[in-house]
Amino acid sequence: ELRSPSSSHLDLDLIKAGILLDSGMLFPQESSSREVKELNGLWAFRADRSPTRNQGFQRAWYKSRLAETGPVIDIPVPSSYNDVTQDPNLRDFIGWVWYEREVVVPARWISDGKTRVVLRVESAHYYSIVWVNGVKVTEHEGGHLPFEADIDGLLREDPTTTTCRITIAVNNTLDLHTLPPGSIQYMKDRTMYPEGFFVQNTNFDFFNYAGIHRSVLLYTTPKAYVDDITVVTDFLDSTGLVRYNVSIQGATLVTLKVTLIDKDGHCVVSSNDTSGVLKVVDVKLWWPYLMHENPGYLYSLEVRLNAADGTSTYEDVYSLPVGIRTVKVTKNQFLINNKPFYFHGVNKHEDSDIRGKGFDWPLVVKDFNLMKWLGANSFRTSHYPYAEEILQMCDRHGIVVIDESPGVGIKDIRSFENASLTHHLEVMDELVRRDKNHPSVVMWSVANEPAAEMPPAGFYFQMLIKHTKVLDPTRPVTFITDSNYARDKGAPYVDVICVNSYFSWYHDPGHLEVIQIQLNTQFENWYGKYQKPIIQSEYGADAAPGFHSDPPVMFTEEYQKLVLRDYHSVFDQKRKLYVVGELIWNFADFMTTQGVTRMVGNKKGIFTRQRQPKEAAFILKERYWRLANETGRLPLWTKYPCSH
């Protein structure tokens, strides 16, 4: 089989109850008690090209050096493997690939019995199995989110060596119950196709990049350590309220000091309890970019743990950035800190030349500079969770985030079955566990454009949204719909209606004159039925950079500009009533599967894949700065974005 991971099956009552994770996933950081060792760089790599893709398991490649099993190549981590070689078969490869890296572990980590050593993978697509020195230590289903394993006990089995061999097998096969779902189709007509020919079918419009996409690292903690921190913030007049809960592992009798520190390093308030409420006098709130002269203000919550057992003492220190802000939704407004917030932002992808979905700091910094130049105050993590480093940037810069699960392309009725729901609940557990403390995250999106009109969709999304609200009662929950307003079975359960539509593109292509009529009808229908605020979560048109025509025709930069103009005209009418946001599709051009409707990828970006502006970028920049200035809450210098 191409993919044969173990899968859990829960009865219906357990699905309804939800699956609550019992450990934390704090972002690794160095402190006086913790060390981090990144394992990024070149790894040995081998794709299992056997017909079943299972030769690596049958011959136990993990038991010896990968180079001893057959030919290997160098592959960078983090990176997708698809675009870094000249092998077309590897670019489109489906199945198991194998990574290996030999690592020198600091001797003090092994000799010190008080140290816990953790191997962490930030993201691998989509199913992963990990061995250390030939011993399986963990496996994980799903891309985009981190997983880890304690390996100090394994390392201490042979204290004479400080070298360990890490082997990671990764499989990008998608089936009906993965997120995103897909299916494998075998072509058996030998008059048309070669032996063993198959294709991976999906229902999403981006390339199925694969590999280890984010950092792999080792980090340490003491044996008694801070496992998780949960923070919920509020304020009353000028007093901030930070409700916190600290989870400890490895000790039952501990002393704790929790200190909230301001940006200047001053202690604001402290406590000795594992949970409680910190009151912040003269609080500095976390505000979005362009909504306040001091956006993205962050305090630091320092947790200092002291514990002892019969023979040893332990100290652990962890600092969590905290932004104090509130999020509320009314029938026609989205409120941050009790002030109306209007999303003028973008949809993005983790996508770039050569790297694919591999994390890349220069690209991240460039994208943030472009968003701020544009006057964008928000984006959606379409169509999966992004690297946590990106959310940390959003926290610091005040960029608001709609945080989306990988639930894209749920179109087959079998993908609404209990096995799919169980996995989707687990993914939401992992997503909320990782991102719950980021002030930039103001809403969860559980899916994008599912077949919400199908009969099972109502129960599926009712359970999914209820479960997400149990995990996090403080944020609104939505999913992104392109369904008919009258037949959408998930819409009754969301807090905000998020609608995708492409009038004059996928519908009535070339007819710009229908946009304002159809968009107005769309908004009136959705609000009339559900009485909830609406975000236009996608709209736009493809434009091949440098293609021009007058009169405008599809795929030219002129046509893309006019599509935006007509959408904006209706937005300006409805945002005075109940429309609370607009997110262009897309920030930048991105790669897709090959097909007759895609010319080297999707060209709906307002920037090229290389981050150069099309004419639409300047249209959007002018609009977004005008929208920001209309709020009247900006300092004088930001009213002139050219000098800014």
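As the structure is a prediction and not an experimental result, all values here were calculated from the model.

Enquirer: Break down the UniProt feature "domain: Glycosyl hydrolases family 2 sugar binding" (unreviewed entry) in the chain for me, with residues and values.
Expert: UniProt's feature table lists "domain: Glycosyl hydrolases family 2 sugar binding" (unreviewed entry) at residues 37-222, given in the numbering used throughout. Along residues 37-222 one finds 9% helix and 41% strand; the C-alpha atoms at either end are 16 Å apart.

Enquirer: Go over the nonpolar core, please, and point to the residues and values.
Expert: Phe379, Ile390, Val446, Phe461 and Ile534 are the most contacted members of the largest nonpolar core, which totals 89 residues. Considering every element that reaches this core, the biggest residue donor is helix α12 (residues 615-630), with seven residues. Membership of the second largest hydrophobic core comes to 46 residues, among which are Leu285, Leu301, Val327 and Phe334.

Enquirer: Talk me through the packing of aromatic side chains; I want residue IDs and the actual numbers.
Expert: For the coordinates displayed, the defined rule picks out 40 aromatic pairs. Plain terms: the ring middles of Trp505 and Phe555 are 4.9 Å apart, the flat faces sit at 65° to each other, and that makes the pair edge-to-face. A residue pair is termed long-range when its members are at least 10 positions apart, and Trp505 in the loop between β30 (497-500) and α10 (515-530) and Phe555 in the loop between β31 (534-538) and α11 (557-574) qualify at 50 residues. Note on Trp505: relative accessible area 6%, which makes it buried. For the ring pair Trp585 and Phe590, a centre distance of 5.8 Å and an interplane angle of 90° mean the geometry is edge-to-face. The class of Trp585 is buried, set by a relative accessible area of 5%. Stacked on the ring of Tyr225, the Lys or Arg Arg116 has its end atom at 3.8 Å from the ring centre.

Enquirer: Describe unusual backbone geometry, with residues and values.
Expert: Between Val77 and the following residue, Pro78, the backbone shows a cis peptide bond with an omega angle of 5°. Its location among the elements puts Pro78 in the loop between β3 (73-77) and α3 (88-91). A cis geometry characterises the amide bond from His125 onward to Tyr126, with omega recorded as -5°. Relative to the helices and strands, Tyr126 is located in the loop between β6 (124-125) and β7 (127-132). Positive phi, close to 55°, is recorded for Asn337, a residue that is not glycine. Mapping Asn337 onto the fold places it in the loop between β23 (334-336) and β24 (339-340). The phi dihedral of Gln531 falls on the positive side, at around 55°, and the residue is not glycine. Structurally, Gln531 is set in the loop between α10 and β31.

Enquirer: Hey, could you go over the state of the cysteines for me, with residue numbers and the actual values?
Expert: With the rule as written, the count across this model stands at zero disulfides. Between Cys394, a cysteine without a disulfide, and Cys498, which holds the nearest cysteine sulfur, the sulfur-to-sulfur distance is 17 Å. What makes Cys394 buried here is its relative accessible area of 0%.

Conventions adopted
Numbering of residues begins from 1 in every chain and follows the order in which that chain's sequence is written. In view of the model being predicted, local features appear only for residues whose pLDDT reaches at least 70, and side-chain atom pairs are presented and counted only at 80 or more, with totals across whole chains, interfaces and linings using the full set of residues. Hydrogens and waters are ignored; side-chain quantities use all the structure's heavy atoms. UniProt positions are given in the numbering used here, feature names are shortened, and annotations may be inferred rather than shown by experiment. Note on conventions: DSSP H or I runs of at least 4 residues are helices, E runs of at least 2 residues are strands, and numbering of each starts at the N terminus. Among the buried residues, those of types Ala, Val, Leu, Ile, Met, Phe, Trp, Tyr and Cys that are joined through side-chain atoms within 4.5 Å form a nonpolar core. Buried, partly exposed and exposed residues are distinguished by accessible area as a fraction of the type maximum, computed with a 1.4 Å probe on protein chains only: under 20%, between the cut-offs, and over 50%, respectively. Centres within 6.5 Å are what make two rings of Phe, Tyr or Trp a pair, Trp counting through its six-membered ring; a difference in plane orientation under 30 degrees is then read as stacked, over 60 as edge-to-face, and the rest as tilted. Criterion for a charge above a ring: Arg CZ or Lys NZ at most 6 Å from the ring centre, at most 35 degrees from the ring normal. Note on terminology: pairs of cysteine sulfur atoms within 2.5 Å are recorded as disulfides.

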